[in-house]
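Take a look at the letters that make up each chain.
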2 protein chains.
Amino acid sequence: MPVRVAVDAMGGDKAPAVVIEGTLRALENCPEGEIEVLLVGDEERIRECLAQHEKGDRSGIHVVQAEEVIEMGESPATAVKTKQRSSIHVGLGAVKQGLAGAFVSAGNTGAVMAASLFILGRLPGVARPSVISFFPTIQSHCILLDSGTNVDCKPEHLLQFARMGSVYARTVLRRDNPTVGLLNVGEEPGKGNDVVKTAYKLLDEAEDVNFCGNLEGRDVFRHGADVIVCDGFVGNVLLKFGESLVTALGHFVGREMQRQELDAEGQNLVMKILAGTGKAFDYQEYGGAPLLGVDGTVLIGHGSSSARAVERMIQSAAEIVRQDVPAAIRATMA
Amino acid sequence: MPVRVAVDAMGGDKAPAVVIEGTLRALENCPEGEIEVLLVGDEERIRECLAQHEKGDRSGIHVVQAEEVIEMGESPATAVKTKQRSSIHVGLGAVKQGLAGAFVSAGNTGAVMAASLFILGRLPGVARPSVISFFPTIQSHCILLDSGTNVDCKPEHLLQFARMGSVYARTVLRRDNPTVGLLNVGEEPGKGNDVVKTAYKLLDEAEDVNFCGNLEGRDVFRHGADVIVCDGFVGNVLLKFGESLVTALGHFVGREMQRQELDAEGQNLVMKILAGTGKAFDYQEYGGAPLLGVDGTVLIGHGSSSARAVERMIQSAAEIVRQDVPAAIRATMA
């Protein structure tokens, strides 16, 4: 049985062209018949785009009409209410109706979030659905949540993030008994603000969480834990800071090469290594950010997602569906 | 008139040896008679250390006896009460009595903070003294505060950080009309949690702050502002994450060089560029973190401070004294 992924063809800065290119790549780079895609959006524009690709008429692609588009700058609250025929609504509707196993979008993040809650609903026992982000570590990579959805958290929310993150790490990342760390300003149990102090106790007492204590900012890269929990304010700042690293580094390294008067050959060599290194920091390699805690599989990508990012997002979505993460979270949180 | 800096000879993981080496370097690398140092701590051990250096008997060094040492792992609250003859107390006492212009320590951060408040006191109008940290930017560097002292902040505290940070940027960093940004999860004014939403309004209305709006994590490296304000929880996580970058990067780059099977010559070349680049990220180059808002000049260094870090800390302290930053903050905050 192929996994069906509904893709927001209208989502992202360069939609639909980039989304369609990414979709074709995802289908090309997976075993025949493993994934099918519903391209959701302006049917005419989608078909025009598909026609420009050699393999645009390949099997495994279905076009689903959606009359409206929620633009990147629109207020999510208003758009979700007024544009009920948007590609986001129609795509999520396909998941709700069982026509697709997952929905992925590089569109308006707030709108995808709000519409997911509205159309799919929260899983029983989940107070706050949460978005995961990925950080490279010297070991492999770790996940961090919440990464921006919940800017004001209570200790119980952090405990829920720990539980949901553990499910993801166990199923999709295949980590046995994944460790969970609490992001804090110091290692000792009494450190931090009131929220994390209480969260520490809850995590320490939770039998289904393999809690390894407080982590500091410096512990992220050294793989302090498989799952790092924090409120969405801290998580979002850290995520965006991390994502800006590769660009900044390119600049700093370029300046240093000039200072050391490196010749062209040397510069090429350094840049080649740097480009390879940068891949670990490149959000496009991770695809989208999974939204955990809603009754369905949803991945949210950057507005600036490339075809490669869309490809990875579709592949990740398919894997989450195969592992049936929502069912595993349902079982854990109930 | 030389600037006199009281140095905690017993502070840091490798005290007093490293502290004394750094002190000698600071004196050697500044114009004759510009800086004098009070080395505060166990007089016998300090003199032993000095005797091991060729220029250990140079002028400009005064040894001040302090019978007690607050260890790195001690509880600040208890130690500050019970060890009133510690090198931290005696050093800060020298500032209080006007015998020194500044105190620098790579010792127990919490104890230095608490003793500074206790001995020097807050400047009038300052609710929360705050520690600055430095981030490299594509332009030069920016300062961020609070970086860990205040893990629970009210909007008014963020406004005060903006004011104090502006004074520091104007005087020590010589930035004309320094810009101030509010660290947040999005650019739009309505973004973030309740504290930053209110802080946005206060900053926007403050006539003595050159507020440039919200900044995201990705805006730090691109020099979104000269001064970035945030609560100490976020600031501390970001600071420590940033400090871990160079080590992590060395690892990632090493792995990539292996993967690309780079020869030894190529590896040397890459590592040389990386080492030069890493300097911008190296906290040792910035020396210590200035504590703003107390009635005196205090800089706090890492426990792992090298001689180079101690040297830079003493130089920075002298510059803060020359610019009379506490007086400028007093004038601003009153």
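Throughout what follows, the structure given in this document is the object of discussion. (Residues numbered from 1 in each chain as written. Chains lettered and ligands numbered in written order. Predicted model: local features only at pLDDT ≥ 70, side-chain atom pairs only at ≥ 80, totals over all residues. Heavy atoms only, no water.)

## Quick look at the interface of chain A and chain B
Right, so step 1: The interface is formed by 51 residues belonging to chain A together with 51 residues belonging to chain B.
Right, so step 2: A salt bridge links Glu 216 of chain B to Lys 240 of chain A; the nearest nitrogen and oxygen atoms lie 2.4 Å apart.
Right, so step 3: Inspection of the region where chain A meets chain B yields ten residue pairs in polar contact (both at pLDDT 80 or more).
Right, so step 4: Broken down by secondary-structure element, the contributors of at least two residues to the side of chain A that touches chain B are β6 (133–136), α7 (194–205), α8 (232–243), α9 (245–259) and α10 (264–278) of chain A.
Right, so step 5: Looking at which element gives the most residues to the side of chain A that touches chain B, the answer is α8 of chain A, with ten residues.
Right, so step 6: Each residue belonging to the side of chain A that touches chain B can be placed in one class, and the counts come to 25 nonpolar, 17 polar and nine charged. (Contact = heavy atoms within 4.5 Å. Salt bridge = Lys/Arg side-chain N within 4 Å of Asp/Glu carboxyl O. Polar contact = N/O pair within 3.5 Å; in protein donor to acceptor, adjacent residues only side chain to side chain. Helix = DSSP H or I, 4+ residues; strand = E, 2+ residues; numbered from the N terminus. Nonpolar A, V, L, I, M, F, W, Y, C, P; charged D, E, K, R; others polar.)

## Brief notes about the relation of the copies chain A and chain B
Right, so step 1: Once chain A is rotated about the relating axis by 180 degrees and shifted along it by 0.0 Å, it coincides with chain B to within an RMSD of 0.0 Å. Read as a symmetry element, the transformation amounts to a two-fold axis.
Right, so step 2: In this assembly the copies share their binding face: 100% of the residues contributing to the interface of chain A also contribute to that of chain B. (Least-squares fit on C-alpha atoms with pLDDT ≥ 70 in both.)

## Side note on the pairing of strand β1 (residues 3–8) of chain A
Residues and elements named next belong to chain A.
Right, so step 1: Burial of β1 is extensive: five of the six residues sit out of reach of the surface.
Right, so step 2: With six bridges joining them, β1 and strand β2 (residues 35–41) adopt parallel strand pairing. When the bridges of β2 are listed, Val 3 appears paired with Ile 35.
Right, so step 3: A crossover connection joins β1 to the parallel β2 through helix α1 (residues 17–28); in handedness this β-α-β unit is right-handed.
Right, so step 4: Pairing between β1 and strand β4 (residues 102–105): three bridges, direction parallel. Counted as the bridge partner of Val 7 is Val 104 from β4. (Buried < 20%, exposed > 50% of the residue type's maximum accessible area, 1.4 Å probe, protein only. Pairing = 2+ DSSP bridges. Right-handed = clockwise from strand over helix to strand, strands pointing away.)

## Considerations on the sheet that holds strand β3 (residues 61–65) of chain B
Residue and element names in this part refer to chain B.
Right, so step 1: Sheet architecture is open: seven strands sit in the order β3-β2-β1-β4-β12-β11-β5, paired in mixed fashion. Sheet topology places β3 and β5 (130–131) at the edges, where each strand pairs with a single neighbour.
Right, so step 2: Where strand β4 (residues 102–105) lies against strand β12 (residues 297–300), four bridges are found, and the strand directions are parallel. Within β12, the position partnered with Phe 103 by the bridge is Val 298.
Right, so step 3: Across the sheet, helix α1 (residues 17–28) touches β1 (3–8), β2 (35–41) and β3, and the angle it forms with β2 is around 170 degrees. (Axes fitted to C-alpha atoms, helices over the stretch in contact; angles between N-to-C directions.)

## Side note on the pairing of strand β11 (residues 289–292) of chain B
Residues and elements named next belong to chain B.
Right, so step 1: Where burial is concerned, the two faces of β11 agree: the one with Ala 289 and Leu 291 and the one with Pro 290 and Leu 292 are both buried.
Right, so step 2: Across two bridges, β5 lies against β11 in antiparallel orientation. Its bridge partner being in β11, Ser 130 is matched across the sheet by Leu 292.
Right, so step 3: As paired strands, β11 and β12 are joined by three bridges and run antiparallel to one another. Bridge pairing links Pro 290 to Leu 299 in β12.
Right, so step 4: Joining the antiparallel neighbours β11 and β12 is a turn of four residues, in which Gly 293 adopts a positive phi near 105 degrees.

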